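Chain by chain, the residues:
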Amino acid sequence: MSSINSVHWFRKGLRLHDNPALLEALRGAQSLRCVYFLDPWFAGASNLGVNRWRFLLQCLEDLDASLRKLNSRLFVIRGQPANIFPRLFKEWKVSRLTFECDSEPFGKERDAAIKKLASEAGVEVIVKISHTLYDLDRIIELNGGQPPLTFKRFQTLASSMEPPEPPLDPPTLELMGNCVTPVSDNHTEKYGVPLLEELGFDTEGLAPAVWPGGESEALRRMDRHLGPDSTAAWQENFERPKQNSSPLLASPLGLSPYLRFGCLSCRLFHCKLTQLYKKVKKNANPSISLYDKLLWREFFYTAATNNPRFDRAEGNPICIRIPWDRNAEALAKWAEARTGFPWIDAIMTQLRQEGWIHHLARHAVACFLTRGDLWISWEEGMKVFEELLLDADWSVNAGSWLCHSCSSFFQQFFHCYCPVGFGRRIDPNGDFIRRYLPVLRDFPAKFIYDPWNAPEDVQLAAKCVIGVDYPKPMVNHAEASRLNIERMRQIYQQLSRYRGLSLLAAVPSNHTEDVGVNDARGATAPPERRRMPCSAPPQLGVRREQPGPKHRGSRYRHSLGHHTSPYTNHGHEFAVPQQPGRLSWPVGGGTGKKEREVEHNGCHGDSGPSSSAQLKDYEKRREDAGGVAFSS
Amino acid sequence: MKRGQKRVDEAEERCVSGPGAPEVCKRVRRAGSEEGVSVDWRLLPEEILLIIFQYLPLLDRAWASQVCRGWNNIFHTPQLWRCFEFELNQPASSYLKATHPDLIKQIITRHSNHLQYVSFKVDSSTESAEAACDILSQLVNCSLKTLGLISTARPSFMELPKSHFISALTVVFVNSKSLSSLKIDDTPVDDPSLKVLVANNSDTLKLLKMSSCPHVSPAGILCVADQCHGLRELALNYHLLSDELLLALSSERHVHLEHLRIDVVSETPGQTFHSIKKSSWDAMVRHSPQFNLVMYFFLYENEFGPFFRDEVPVTHLYFGRSVSKEVLGRVGLTCPRLVELVVCANGLRPLDEELIRIAERCKHLSAIGLGECEVSCSAFVEFVKMCGKRLSQLSIMEEVLMPDNQYGLDDIHWEVSKHLGRVWFPDMMPTW
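Residues numbered from 1 in each chain as written. Chains lettered and ligands numbered in written order. Predicted model: local features only at pLDDT ≥ 70, side-chain atom pairs only at ≥ 80, totals over all residues. Heavy atoms only, no water.

1. Some details on the side chain of Arg482(A)
Right, so step 1: Topologically, Arg482(A) is positioned in helix H23 (residues 477–496).
Right, so step 2: Apart from residues no more than four positions distant in its own chain, Arg482(A) is found in contact with Asp186(B), Ser211(B), Ser212(B), Asp263(B), Val265(B) and Phe298(B). (Helix = DSSP H or I, 4+ residues; strand = E, 2+ residues; numbered from the N terminus. Contact = heavy atoms within 4.5 Å.)

Right under this line is the structure:
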């Protein structure tokens with residue numbers, strides 16, 4: 001019998017606990033080598049910020065340290081997997097290759113290529129899902145072949161599935177058994193984890209990491225979550241920051257970067273959250289919303305898994321085209337914390353220095369850059385986050401930006417975060433600003449969010465003159481919001497073909513998505529049932545009945561008929577812009593699509609005619625009601 | 001090829017005599033089958049081609065026009081050029097494509113007399129606004145019915161020399177004489193140019209949108225209202241709104257007003273605003289009982305002094321910045337015609353009583369959107385219960401709903417759905 005020589009390939013999933021692919025590698029194997037590919041050229045040329053590289057290297061160090069305890073080592077290989085694997089397969093007589101499933105389009109493409117190389121070399125490949133709670137393909141299948149477009153729909157689907165599998169234990173020395181890792185004397189030289197300096201980063205003056213990377217750190221944080229003071233963790237996870245700056249600061253309990261690099265298993269987190277809930281809430285059953293943070297991540301992974309253009313505006317079927325301004329100067333001011341709005345600048349400073357910002361802070365700066373104030377494309381903001389944000393996964397980052405800029409996922413767009421008022425409501429004293437923008441430290445709380453409004457003597461007393469020591473605000477927020485809300489309204493009206501005056505009604509409705517679980521799984525109880533308090537008063541029977549299949553109204557039936565996403569049904573025409581700009585700003589000379597003509601027939605001045613019969617009607621109406629020609 | 005061309009011409013000639021559409025279709029089919037091959041597209045009768053052309057994007061039409069002389073003729077049919085949207089973008093400032101300069105030239109030389117519904121979409125660059133003005137000043141042969149100048153990003157018309165903009169715009173005012181709709185938000189239009197508009201188009205003008213036009217004075221807009229009795233829709237900033245304007249719009253000779261949109265924007269913090277007399281609003285409602293008053297507020301909290309003191313016939317109300325509990329309380333007392341209310345933000349104390357009062361007093365309220373406005377779950381449920389099914393739009397961020405001893409976050413969508421009679425969820429933003 002031939003011996004099994006395994007290679008486990010680390011990419012994300014930089015951990016030993018809950019690593020099913022790694023356990024597969026061990027099963028009956030005589031040898032195991034854990035590899036990680038690092039492209040030194042990519043490091044120097046890439047746009048990843050130094051914080052992300054440091055975090056990654058710390059993860060690898062930690063992994064190597066943990067493997068040593070199993071008498072093994074990590075092999076950090078310089079180069080591209082596709083170039084190097086064939087040689088390794090031969091050199092190490094590899095018979096089994098294992099890795100964690102990567103759901104992202106480029107990862108899938110890369111993995112397909114490696115699988116092909118492996119099969120050519122006669123190497124068995126085992127892939128396991130452990131970066132996500134669920135098998136994303138199953139979710140898409142449940143949703144009729146299309147990824148769900150709203151988070152609510154996603155929640156419903158997720159709760160109709162079997163609960164995520166419990167996390168697996170890390171390999172132990174016993175489990176290793178006779179399996180060995182052949183390590184040469186020059187291992188560190190050849191396969192050691194490089195230093196930041198070796199990758200060409202300038203580390204002089206680099207502040208210590210606020211977020212130290214690695215599985216051990218992740219698990220320590222996890223344990224603290226469940227420590228004696230679980231209420232702190234509770235607030236951390238489930239409550240909105242209130243009245244002081246502390247939630248805005250990096251927390252020693254924060255976990256998102258660890259989930260991003262897979263130092264922490266999302267299934268372990270899920271499991272621990274459930275335990276925490278049961279402990280705090282005295283054994284009540286948690287509702288699905290407990291897992292929102294984790295589910296948002298899954299939601300974006302699902303939305304992106306089959307869409308290689310998920311991070312683009314052009315050619316991305318779920319992205320609304322918005323005529324964003326191209327303005328490198330304004331973008332730079334935002335990215336470099338020079339907007340003149342202390343709240344925005346403090347957040348961007350924190351992001352650059354530490355690599356993490358609170359989710360409400362993300363909303364604030366993303367809204368400011370895009371639909372709120374600067375009217376700059378979300379793609380630009382996404383690129384900056386990709387460089388600076390430790391937890392910015394390709395799917396999650398792009399998805400969040402699509403959401404924040406109201407470019408997808410059917411958001412209400414009326415609500416723009418005020419770059420002055422929003423921060424003030426979270427942290428009235430402005431301690432957060434003082435911490436990251438020391439130049440404003442001596443401003444009184446009254447003016448710290450809008451220092452340009454402070455009288456001159458206040459500015460002088462604070463030793464900070466606005467326009468000299470700190471920039472003036474780069475936009476008039478009132479004016480910018482007036483313009484931008486109007487533009488969003490017009491764009492959304494064209495999408496929804498709504499012609500009335502209501503701002504709220506301009507958002508395309510998405511009934512297909514709001515409906516309960518898939519009929520195909522009729523036996524599955526709607527998740528909401530689980531939320532029913534035991535002591536529900538009898539008159540509330542209605543709500544028990546409401547989602548039940550029996551009581552579904554015709555609207556439900558109708559909606560359930562659409563198993564596919566609205567984008568491939570009625571929504572197709574508007575959701576898939578064929579030419580840049582066509583979607584949101586149809587060309588007057590007639591843009592072809594019938595719906596569009598119908599839409600314009602009523603009363604829109606920016607539009608094209610349709611068939612001559614319609615045209616006459618259209619023009620007649622225009623003459624009759626010329627007055628409403630622009631009433632969009 | 002020549003033969004083919006001839007046949008097309010013949011076909012066109014026959015079409016002119018005007019057979020019905022089914023007849024035409026039959027003929028085409030017959031023509032196709034005679035040759036034993038598929039339909040010869042060049043034989044398509046003109047009226048069908050025209051319909052097809054109307055469905056094609058401009059670029060495709062341009063390609064098609066190169067097929068043969070017949071198709072080229074169709075391409076230039078006046079009907080296809082009544083409506084045109086000039087897209088003026090610079091690669092440096094926009095991601096969008098621009099209308100090709102050659103096409104613009106061709107339109108001006110061959111089709112300017114056909115143009116009736118024209119709009120300009122310009123990006124944030126001054127060059128684009130400049131280009132729009134150049135085109136405008138060449139539109140001397142046309143009689144426009146609608147004209148829209150639309151800034152798709154930062155308003156760039158404002159950056160032009162005023163005189164340059166005005167002279168281009170007045171070319172259209174003087175030559176058109178039958179303008180019914182004019183959308184010139186965020187432009188440097190001024191009083192004298194409005195006078196030219198009125199002098200030439202007073203009988204036809206029905207719609208005028210001019211939000212944020214800082215060079216117009218209350219007297220300037222009053223002149224429009226006095227002369228243009230057919231005006232049905234008007235959008236302007238609050239500083240142009242006066243009692244005189246409302247009285248002029250509600251004069252006997254004036255048609256019913258349909259929409260009035262007012263943007264209340266603060267330029268400098270602590271700005272004071274004039275007030276409008278209740279009697280003027282009353283006159284307006286008497287004259288146009290159905291009219292919609294849309295008001296957008298972009299004010300600091302301390303600038304709301306003169307607003308919502310007396311009854312105001314507002315139907316759609318939008319607060320783009322934080323607004324105090326007190327002002328929202330006044331809204332409940334003074335806005336009986338309210339149909340839609342959108343509040344982006346409010347202070348830290350929950351809005352409970354204010355919402356209940358609005359539900360009680362605003363009997364027509366059918367849409368509400370709440371952003372950063374904390375509301376206790378039970379007050380929210382009570383509000384929805386009071387409004388019931390007439391609430392066709394209900395939007396609130398989940399994170400601002402405050403659980404209380406009656407309802408938790410998990411119950412609320414049930415309660416609300418029950419009262420609305422449809423499935424409802426709060427809005428969510430990613431917590432990532």
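2. What to know about the sheet that holds strand E5 (residues 124–128) of chain A
Residue and element names in this part refer to chain A.
Right, so step 1: Judged by pairing direction, the sheet is parallel, and its five strands sit side by side in the order E3-E2-E1-E4-E5 without closing on themselves. Strands at the two margins of the open sheet, each flanked by one partner only, are strand E3 (74–78) and E5. For this sheet, the mean inter-axis angle between neighbouring strands, taken without regard to orientation, is 25°.
Right, so step 2: Pairing analysis gives five bridges linking strand E2 (residues 31–38) to E3, with the strands arranged parallel. Residue pairing across strands places Cys34 opposite Leu74, the latter belonging to E3.
Right, so step 3: In this fold helix H3 (residues 50–69) packs onto strand E1 (5–10), E2 and E3, with an angle of close to 170° to the strand it touches most, E2. (Pairing = 2+ DSSP bridges. Axes fitted to C-alpha atoms, helices over the stretch in contact; angles between N-to-C directions.)

3. What to know about the packing of aromatic side chains
Right, so step 1: Per the counting criterion, the structure on display carries 53 aromatic pairs over all chains.
Right, so step 2: Summarising the aromatic geometry, the rings of Phe297(B) and Phe307(B) are spaced 5.0 Å apart at their centres and angled 80° between planes, so their arrangement reads as edge-to-face. Linking Phe297(B) in strand E8 (residues 292–298) with Phe307(B) in the loop between E8 and strand E9 (316–323), this pair joins segments that are 10 residues apart in sequence. Pair check on accessibility: Phe297(B) and Phe307(B) agree, each one buried.
Right, so step 3: Here the aromatic cluster, defined as three or more aromatic residues joined through ring pairs, consists of Tyr238(B), Phe273(B), Phe297(B), Phe304(B), Phe307(B), Phe308(B) and Phe319(B).
Right, so step 4: Its end group placed over the ring of Tyr95(B), Arg326(A) keeps NZ or CZ at 4.1 Å from the ring centre.
Right, so step 5: The ring centre of Tyr296(B) lies 3.8 Å from the NZ or CZ of Arg261(B), which sits over that ring. (Phe/Tyr/Trp six-rings, centres within 6.5 Å; stacked < 30°, edge-to-face > 60°. Buried < 20%, exposed > 50% of the residue type's maximum accessible area, 1.4 Å probe, protein only. Lys NZ or Arg CZ within 6 Å of the ring centre and 35° of its normal.)

4. As for the nonpolar core
Right, so step 1: Membership of the largest hydrophobic core comes to 284 residues, with the highest contact counts inside it found for Trp334(A), Phe120(B), Leu147(B), Leu317(B) and Phe319(B).
Right, so step 2: Residues contacting Trp334(A), with those up to four places away along its chain left out, are Thr339(A), Ile344(A), Met348(A), Val365(A), Phe368(A), Leu369(A), Leu374(A), Gly381(A), Val384(A), Phe385(A) and Trp401(A).
Right, so step 3: Membership of the second largest hydrophobic core comes to 18 residues, among which are Trp9(A), Phe37(A), Ala118(A) and Tyr191(A). (Core = buried A, V, L, I, M, F, W, Y, C linked by side-chain atoms within 4.5 Å.)

5. Description of helix H13 (residues 266–280) of chain A
All names here are of chain A.
Right, so step 1: For H13, spanning 15 residues, the distance from its first C-alpha to its last is 21 Å, which sits close to the expected 21 Å at 1.5 Å a residue.
Right, so step 2: Among the residues making up H13, those that are buried are Cys266, Arg267, Leu268, Phe269, His270, Lys272, Leu273, Thr274, Leu276 and Tyr277.
Right, so step 3: The N-cap of H13, judged by a side-chain oxygen 3.0 Å from the amide nitrogen of Arg267 a few residues on, is Ser265. (Expected span 1.5 Å × (residues − 1). Polar contact = N/O pair within 3.5 Å; in protein donor to acceptor, adjacent residues only side chain to side chain.)

6. Structural notes on helix H16 (residues 409–420) of chain B
Residue and element names in this part refer to chain B.
Right, so step 1: Over its 12 residues, H16 runs 17 Å from end to end, which matches the ideal 16 Å to within 8%, given 1.5 Å per residue.
Right, so step 2: Summarising burial for H16: nine of the 12 residues are buried, a large majority.
Right, so step 3: Listing the buried residues of H16 in full gives Asp411, Ile412, His413, Trp414, Glu415, Val416, Ser417, His419 and Leu420.
Right, so step 4: Following H16 by one or two positions, Gly421 adopts a phi angle in the positive range, close to 75°.

7. What about the confidence of the model for chain A?
Atomic detail in the predicted coordinates should be set aside for any region of low pLDDT.
Right, so step 1: Summarising the model, chain A shows a mean pLDDT of 77, and 74% of its residues fall at 70 or more.
Right, so step 2: Low confidence marks residues 514–632 of chain A, where pLDDT is under 50. Its contacts with residues over four positions away, or in another chain, come to 289 contacts. (pLDDT = per-residue confidence, 0-100.)

8. Some words on the environment of Pro342(A)
All names here are of chain A.
Right, so step 1: Mapped onto the secondary structure, Pro342 falls in helix H16 (residues 342–354).
Right, so step 2: On a C-alpha basis, the gap between Pro342 and Arg434 in space is 9.1 Å, while along the polypeptide they are 92 residues apart.
Right, so step 3: The contact partners of Pro342, leaving out residues within four places of it in the chain, are Ile433, Leu437, Leu440, Ile448, Tyr449, Pro451, Trp452 and Tyr470.

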